[in-house]
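# Fold and geometry: a report
Residues per chain, in single letters:
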Amino acid sequence: MESSKSLNECKCRLAMGRKFVVGGNWKMNGTKQQINEILSFLKAGPLNPDTEVIVGVPAVYLDYVKTNSPANVEVAAQNCYKADKGAFTGELSPIMLKDIGVNWVILGHSERRQIFGESDELIAEKVAFALSNGLKVIACIGETLQEREAGKTEEVVFRQTQAIANKVKDWSNVVIAYEPVWAIGTGKTATPQQAQEVHKALREWIGKNISQDVANSIRIQYGGSVTGTNCKELGSQADIDGFLVGGASLKPEFVTIVNARQ
Ligand code: PEP
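A few points on the structure.

So, how was this worked out
- Residues numbered from 1 in each chain as written.
- Predicted model: local features only at pLDDT ≥ 70, side-chain atom pairs only at ≥ 80, totals over all residues.
- Heavy atoms only, no water.
- Helix = DSSP H or I, 4+ residues; strand = E, 2+ residues; numbered from the N terminus.
- Buried < 20%, exposed > 50% of the residue type's maximum accessible area, 1.4 Å probe, protein only.
- Polar contact = N/O pair within 3.5 Å; in protein donor to acceptor, adjacent residues only side chain to side chain.
- Contact = heavy atoms within 4.5 Å.
- Near = heavy atom within 4 Å.
- Areas by Shrake-Rupley, 256 points an atom, 1.4 Å probe, with all protein chains shown as cover.
- Pairing = 2+ DSSP bridges.
- Axes fitted to C-alpha atoms, helices over the stretch in contact; angles between N-to-C directions.

Let's shift gears to the side chain of Q221. Secondary-structure assignment places Q221 in strand β7 (residues 219-223). Given a relative accessible area of 0%, Q221 falls into the buried group. A polar atom in the side chain of Q221 sits 3.1 Å from the backbone oxygen of V21. For Q221, the residues in contact, after removing those within four places along its chain, are V21, V22, G23, I138, V175, I176, A177, Y178, H199, G242, F243 and L244.

Here is the structure:
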């Protein structure tokens, strides 16, 4: 009964054309030696060809990983700025990323929001600028524990998405990563039901406030302590179209997570 329900949910997603997408966010981790180990397990896979796989790499290693990663793994920067070039010390531009063949960027991660003080407005500007320069974007949203406990989860994720909607009209190159902040790097995963509840509410909100086409087609990843053990049940939820994975993306279990829908 359960497995036929999961099968129907998968069929429904396929009918909507939503390819499962799993991103690894390496954050500020990795030396060349560690990166070679990660590349080895990615090459060995095998990785489900029906899943899109993207690794978010520290800036200094983007070119190296782009050159040495297997063809079925795409590479993302973990941030970029909203200008082509200029006096922005320490920043990267979308043009530079495209120049070395990087086609993806992760924007709005909660660590960027919380540690580096990035606002909804700045993140939305960066998303719009990256898209207009031909990058694909994983746009992260999510509530803190305090916001969840105050019953504000939906208000927060709708507000963060609205900020992006104010600047972006074409959503075809956007993946949304719903990452409850309290679940990131804490080992506390949202239950499949908690995650599905927010994903469903967000998709409905998008249907009402952006368009029904975008709601049907946009991929919404879940992120927050996803592991090789919990990925299958999370990945079987109707509105979860993949994962953004931090800690476990540095380990061979990332292959299991990529293959969660197999
Ligand atoms: C993340 O950093 O996006 C993340 C989800 O981290 P973790 O999987 O370690 O919780």
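After that view of the structure, there is still more to cover.
In this section: the site of the ligand. Neighbouring the ligand are 14 residues; K27, E179, G185, S225 and G246 lie closest to it. The backbone of G246 places a nitrogen or oxygen atom 2.8 Å from an oxygen atom of the ligand. Here G247 contributes a backbone N or O atom positioned 2.8 Å from an oxygen atom of the ligand. Within the complex, the protein chains bury 95% of what would otherwise be the 290 Å² of accessible surface of the ligand.

Now for the sheet that holds strand β1 (residues 20-25). A barrel is described by the order of its strands in space; here eight strands give the closed sequence β1-β2-β3-β4-β5-β6-β7-β8, paired in parallel fashion. Neighbour-to-neighbour, the strand axes of this sheet turn through a mean angle of 25 degrees, independent of strand direction. The pairing of strand β6 (residues 174-178) with β7 spans four bridges and is classified as parallel. Opposite V175, over in β7, you have R219 as the bridge partner. Sitting on the sheet, helix α6 (residues 120-132) touches β4 (104-107), β5 (136-141) and β6, and the angle it makes with β4 is about 175 degrees. Where helix α9 (residues 192-209) meets the sheet, its contacts fall on β5, β6 and β7, and the angle it forms with β7 comes to roughly 150 degrees.

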